[in-house]
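# Geometric and topological summary
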Amino acid sequence: MIVDGLVALVLDDAGNGRIERRPDVVRSLLSNTQQQWTSGCELQEADPVPSTEFAQRRYELVLRMLADGMTDDAVARKLGVSVRTVRNDVASAMSALDAGSRFQAGARAAQLGLI
């Protein structure tokens, strides 16, 4: 993390941080960060994460709980994950089911016998 162009917080592989103030190192980190930023893409343009069997089962479980009337918060508490994770799972399930809405995802999942 580059703080102000003069100081950077650098983490090693173990997650230990150190403050870096050497101008050449900070410039190098800043250059690398800018290069990564300009070569990135919009989130909706990113390739979806390959589905694993575990993730697919969790998507189905999340859809089933939502179909049973549970809120995102309740699903998150039941699964022991964050609400953001539940919403990401719903978005991934929607994408996999080519659904434009949560309702449509539920309807398609039901048609396919997933819920």
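Residues numbered from 1 in each chain as written. Predicted model: local features only at pLDDT ≥ 70, side-chain atom pairs only at ≥ 80, totals over all residues. Heavy atoms only, no water.

## Quick notes on the overall build of the chain
- Secondary structure assignment for the chain yields five helices and two strands.
- Reading the helices (α) and strands (β) of the chain from amino to carboxyl end gives β-β-α-α-α-α-α.
- Of the roughly 8,600 Å² that the chain leaves accessible, carbon and sulfur atoms contribute 53%. (Helix = DSSP H or I, 4+ residues; strand = E, 2+ residues; numbered from the N terminus. Areas by Shrake-Rupley, 256 points an atom, 1.4 Å probe, with all protein chains shown as cover.)

## Considerations on the packing of helix H3 (residues 72–79) against helix H4 (residues 83–96)
- Contact geometry of H3 with H4 gives a least axis separation of 8 Å together with a crossing angle of 105 degrees. Taken together, the axes of H3 and H4 are roughly perpendicular relative to one another. Between H3, through Asp72, Asp73, Val75 and Ala76, and H4, the contact on the second element is made entirely by Val83, Val86 and Arg87.
- Its residues assigned to classes, the contact of H3 with H4 shows four nonpolar, no polar and three charged. (Axes fitted to C-alpha atoms, helices over the stretch in contact; angles between N-to-C directions. Parallel < 35°, antiparallel > 145°, perpendicular 65-115°, else oblique. Contact = heavy atoms within 4.5 Å. Nonpolar A, V, L, I, M, F, W, Y, C, P; charged D, E, K, R; others polar.)

## Points about the environment of Leu97
- Looking at the secondary structure, you find Leu97 in the loop between H4 and helix H5 (102–111).
- Taking the relative accessible area as the measure of exposure, Leu97 reaches 12% and is therefore buried.
- Filtering out sequence-adjacent residues up to four positions away, Leu97 remains in contact with Leu63, Ala105, Arg108, Ala109, Leu112 and Leu114. (Buried < 20%, exposed > 50% of the residue type's maximum accessible area, 1.4 Å probe, protein only.)

## Focus: the pattern of salt bridges
- Going through the model one piece at a time under the given rule, you end up with five salt bridges.
- The shortest N-O distance in the salt bridge between Arg22 and Glu20 comes to 2.8 Å.
- Classification of Arg22 by relative accessible area gives partly exposed; the value is 48%. (Salt bridge = Lys/Arg side-chain N within 4 Å of Asp/Glu carboxyl O.)

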